[in-house]
Amino acid sequence: MTNNQRHKNYDILNLIGYGLSKFNMDFVREYGFTTKSQFYEYIVQIGIAGTAGTVKNRQDLFDGMTSDGPRKGWWQKGPVYKHRKDYIDSLFGNLNVADYANIVKMSLVEMSASLGIDTTILSREKSVKPSPIIKSQFKQMQKTGKEAEYYFMNNYMQIECFANAIIDDARLFGDGYDFQMTFETEFILAEVKGIRSEKGSIRMTENEYDKAMEYESDYALVVVSNLEDIPKMSAIFNPLKSIVFTAIKQKTEQVYYRASEGIWN
């Protein structure tokens, strides 16, 4: 699949294909169907796919990586879909079929307004409401930056200068970089950005920009591009020296809530 051929319902189709591949008929039964053909047709009827073959093909793309049975899938597409399967695994790989099916149902319900989906069938079978953390994981899956960071964590050694580094996750600190790459006598700070296609613009926060200015050659901007196909990583050291950034000021209003004074015990 080329970048220009990206399906408009790409993300949900990946979730459906993964579910079909991993859970097979158990996944189909979660929607009240007794055959895959019935499930395929339902996905077509609600406008997620144009043909039943589109749904089946999406399962084939994942089969070579998730199925332990006789289905081998499109193993030739392994390099393309490996990172997508791994990313879905990282978020939902520990879920049972009922919980995973509910993730897909939740997505379909959220899309119902724009697609005119009849969601009756989604609640026909007994359904467990997804927990807040599952909802948060679902939102994370849709963020390009999070996918790029996950890819970098698992593949940074493919960048020659990072091959022998020890990686430390610094994302929770919010200090202008995502990872510290530590060597025997030095370290490099890495900030990761993701792009769906082969080209596109990126932006740095003021905090990231200041950190890049402070550490200069010890700061690397790692761009993970082509996430819709086979990802590519580019590491740009001292990025402020080689990339022209334009300052864009945005005025935002932040709302917070303060409790009245009380005794907290």
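1. A few points about the pairing of strand 4 (residues 219–225)
Logical step 1: With respect to burial, strand 4 is a largely interior element, seven of its seven residues being buried.
Logical step 2: Going residue by residue along strand 4, you find Tyr-219, Leu-221, Val-223 and Ser-225 tucked away on one face and Ala-220, Val-222 and Val-224 tucked away on the opposite face as well.
Logical step 3: One ladder, built from six bridges, connects strand 3 (residues 187–194) with strand 4; its direction is parallel. Across the sheet, residue Lys-193 finds its bridge partner in strand 4, namely Val-223.
Logical step 4: Read as a crossover between parallel neighbours, the route from strand 3 over helix 9 (residues 206–215) to strand 4 is right-handed.
Logical step 5: In terms of strand pairing, strand 4 meets strand 5 (residues 232–237) through six bridges, oriented antiparallel. Bridge assignment links Ser-225 to a residue of strand 5, and that residue is Lys-232.

2. What about the packing of aromatic side chains?
Logical step 1: Tallied over the entire structure, the rule returns 17 aromatic pairs.
Logical step 2: An angle of 65 degrees between the planes, with centres 5.2 Å apart, marks the rings of Phe-27 and Tyr-31 as edge-to-face. Assigned by exposure class, Phe-27 and Tyr-31 land together as buried.
Logical step 3: With a centroid separation of 6.3 Å and 70 degrees between ring planes, the pair formed by Phe-33 and Phe-39 is classed as edge-to-face.
Logical step 4: Residue classification places Phe-33 among the buried positions, given a relative accessible area of 12%.
Logical step 5: Here the aromatic cluster, defined as three or more aromatic residues joined through ring pairs, consists of Tyr-18, Phe-23, Phe-27, Tyr-31, Phe-33, Phe-39, Tyr-42, Phe-62, Phe-92 and Tyr-100.
Logical step 6: For the cation-ring pair, Lys-105 lies above Tyr-31, with the distance from its terminal atom to the ring centre recorded as 5.3 Å.

Rules used throughout
- Residues numbered from 1 in each chain as written.
- Predicted model: local features only at pLDDT ≥ 70, side-chain atom pairs only at ≥ 80, totals over all residues.
- Heavy atoms only, no water.
- Buried < 20%, exposed > 50% of the residue type's maximum accessible area, 1.4 Å probe, protein only.
- Helix = DSSP H or I, 4+ residues; strand = E, 2+ residues; numbered from the N terminus.
- Pairing = 2+ DSSP bridges.
- Right-handed = clockwise from strand over helix to strand, strands pointing away.
- Phe/Tyr/Trp six-rings, centres within 6.5 Å; stacked < 30°, edge-to-face > 60°.
- Lys NZ or Arg CZ within 6 Å of the ring centre and 35° of its normal.

Nothing here speaks to function; it is geometry throughout.
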